[in-house]
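Residues per chain, in single letters:
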Amino acid sequence: MTSFNRSTSRRLRKLTQIPSVWEGDRRPLSSSQTQHPDSEAKGECILWVDGTQGIVRGMDVVPPESGPEAIVRTLMRSMENPHSPAKPARPQRIVVRDREIQFYLRGVLQDLDIAIDYSPELPLIDELFRGFAEILDSQVPELPPQYAHALRDKAFAIWQAAPWELLEEQQILSIEINKWDVGTVYASMMGMLGMEYGVLLYRSEESLKQFRATILREDESQGHLEEAFLKQDCLFLTFEHADETDEDEKEFDDLADLPLSEIQPTFGNIHPLEGLRSVLYDEEALIVYVALESLCRFIRDHRRQLGSGNFPALSRRYRISLPESRDEQIKSVSVTVSSTPQLTAELEEMAGYDVDEEDETGSVTMPTFRSLRDDLIPEDSFLSLGVVSWEMLEYLHQGVNYHKAGEIQPVGDGLPVILIQTSRPKAKTVIENIEQAGGLKAICFNPGADPFGGDRYDLGLLQTQNGELFLFGEFLDDDPIHVEARKKWNQRCKNTKGYCGLIIAKGLTGAARGNPQLRDMMALFEARSLSPKDLGIGTLQLMPQLQFE
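Everything in this summary refers to the structure shown in the same document. (Residues numbered from 1 in each chain as written. Predicted model: local features only at pLDDT ≥ 70, side-chain atom pairs only at ≥ 80, totals over all residues. Heavy atoms only, no water.)

1. Looking at the packing of aromatic side chains
Now for step 1: Inspection of the entire model under this criterion finds nine aromatic pairs.
Now for step 2: Both rings, one in Trp159 and one in Trp164, keep their centres 5.6 Å apart while their planes meet at 55°; by these two values the pair is tilted. As far as burial versus exposure is concerned, Trp159 and Trp164 are alike and both buried.
Now for step 3: For the pair Phe445 and Phe472, a centre-to-centre distance of 5.9 Å together with 75° between the ring planes defines the contact as edge-to-face. Of the two residues, Phe445 is situated in strand β20 (residues 440-450) and Phe472 in strand β22 (residues 469-476); the sequence distance between them amounts to 27 residues.
Now for step 4: Linked through ring pairs, Trp159, Trp164, Tyr197 and Phe239 together constitute an aromatic cluster.
Now for step 5: Directly above the ring of Tyr118 sits Arg99, whose terminal nitrogen or CZ lies 3.7 Å from the centroid.
Now for step 6: Sitting above the plane of the Tyr499 ring, Arg528 keeps its charged end 4.2 Å from the centroid. (Phe/Tyr/Trp six-rings, centres within 6.5 Å; stacked < 30°, edge-to-face > 60°. Buried < 20%, exposed > 50% of the residue type's maximum accessible area, 1.4 Å probe, protein only. Helix = DSSP H or I, 4+ residues; strand = E, 2+ residues; numbered from the N terminus. Lys NZ or Arg CZ within 6 Å of the ring centre and 35° of its normal.)

2. Side note on helix α12 (residues 390-399)
Now for step 1: By the burial criterion, the buried members of α12 are Trp390, Leu393 and Leu396. Axial view of α12: buried residues confined to an arc of 105°, hence all on one face. Exposed and oriented more than 90 degrees from the buried face of α12 are Glu391, Gln398 and Gly399.
Now for step 2: For α12, the elements touching its buried residues are β17 (382-388), β18 (401-403), β19 (415-421), β23 (499-505) and β24 (521-530). (Arc of directions from axis to C-beta. Contact = heavy atoms within 4.5 Å.)

3. With respect to the pattern of salt bridges
Now for step 1: Inspection of every chain in the model, using the stated rule, returns 28 salt bridges.
Now for step 2: For Asp301, the salt bridge is made with Arg300, and the minimal N-O distance between the two is 3.0 Å.
Now for step 3: A residue is classified by how much of its surface remains accessible, and Asp301, at 24% relative accessible area, is partly exposed.
Now for step 4: For Asp458, the salt bridge goes to Arg486, with nearest N and O atoms at 2.4 Å. Placement of Asp458 in strand β21 (residues 455-464) and of Arg486 in helix α14 (residues 480-495) is noted, with a sequence separation of 28 residues between them. (Salt bridge = Lys/Arg side-chain N within 4 Å of Asp/Glu carboxyl O.)

4. Some details on the pairing of β23
Now for step 1: Summarising burial for β23: seven of the seven residues are buried, a large majority.
Now for step 2: In β23, alternate side chains face the same way, and those of Tyr499, Gly501, Ile503 and Ala505 on one face and Cys500, Leu502 and Ile504 on the other are all buried.
Now for step 3: Here β23 pairs with β24 via seven bridges, running antiparallel. Within β24, the position partnered with Tyr499 by the bridge is Arg528. (Pairing = 2+ DSSP bridges.)

Geometric descriptors of this kind do not, in isolation, establish any biological role.
Right, here's the structure in full:
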């Protein structure tokens, strides 16, 4: 049996021993009979209360598999760092209702002069847990129990269909339902940028247009962006990492690379008067179910046309069977799913995209931008914006892997460059990946925003010859160091008529970290500098992970 260190025992014995009886117990937060299937109440609660004074001294929630040491840890905090208004102290007597816990505590606490007794009932703790159970039982589940299983199945079907591989978020599909006080919902796919995956189901064109118009305004403050996010009128399905224990790993993982078992769907509603909530009520659940099922069928039937690079005029009608309905007269609904080239063209025009006119089939040709990836540059790389003198440039032409972009006139103090320094093996991989993509075409800084988190960014992007975009850096708009570096970058690119370069260097962990020498530079890719207007993708929005307490 594990026991206290002698120093710990001496420290606890120094606490004042008060003439009181403490109750201690460990119980599930909710009984299996009353717990909702979607309840977040998982684990067991450990409570230590002062029965004499009627106050809670310590409380913890622990995994069910944790050992008896957990109840001792909570007891120690109850003695040394109790909840207010209790003061540090040692009890004269402890009462528990579990014989195993009683014998365990007798062995662990034998040097502290505390009597450990057994009682089949603990009146104060019993009352507290009854209160907890009433609170948990009164909670509305995230999904109506009768539709929860069917909705999750449809969510995983959407994940596997991956409509965001075919459609950008401004390529809207309309779903005419005409049930449950909803006419048509407008589906926007999130995921082509590899930042957030899901489906937004707007209840009106007006809400969709208003939100996109707001987030595209360059002069919008972060408070206004957050307000705009909460003023949306839509139902949503988003996906996140099922394992929330490692936040750092979660931050860098692309969900698309994870197995299905690690994907967690989340449903909810956003409304100007309600804000954001993680609960769907019965009719909302049916609307989402019907919308997801019809989307799955539409993507299945028109995958080739939607993936052709155009956004053709398409429409198809489906009859969707409902999973379970309280109204036995409603067994199914008829739904029409259509592409919306005209609405999409309006949204593209808002974003400043260069959209071609409709062709004779009603299709709208979309920009060449298809995705934003963040898997080219290693996340631990050293990054800087700088300049290479014309003399040094000549040495680089002779001594490194060199990819020429054109005839550059030596005007100003040198060629503006982005320096990426990493380890030698990773540098070789970066160089090979760029070469496999046809080489480097352009370097651009494009605006980005987190409308819910309140930050605006200057996103560093690399465009390869095959049209793919890669994120190489995220810089806060108001970072004075970056602001000054960008001013110099813009002026130097103006001097060179838009020519710039990317240097890949090794030596990240050596003495040359942050200041690579010529021998450390492994490749120089010359390219053109593009303005956000030239790139034509508008402000990139980081859609927030929707998490709820």
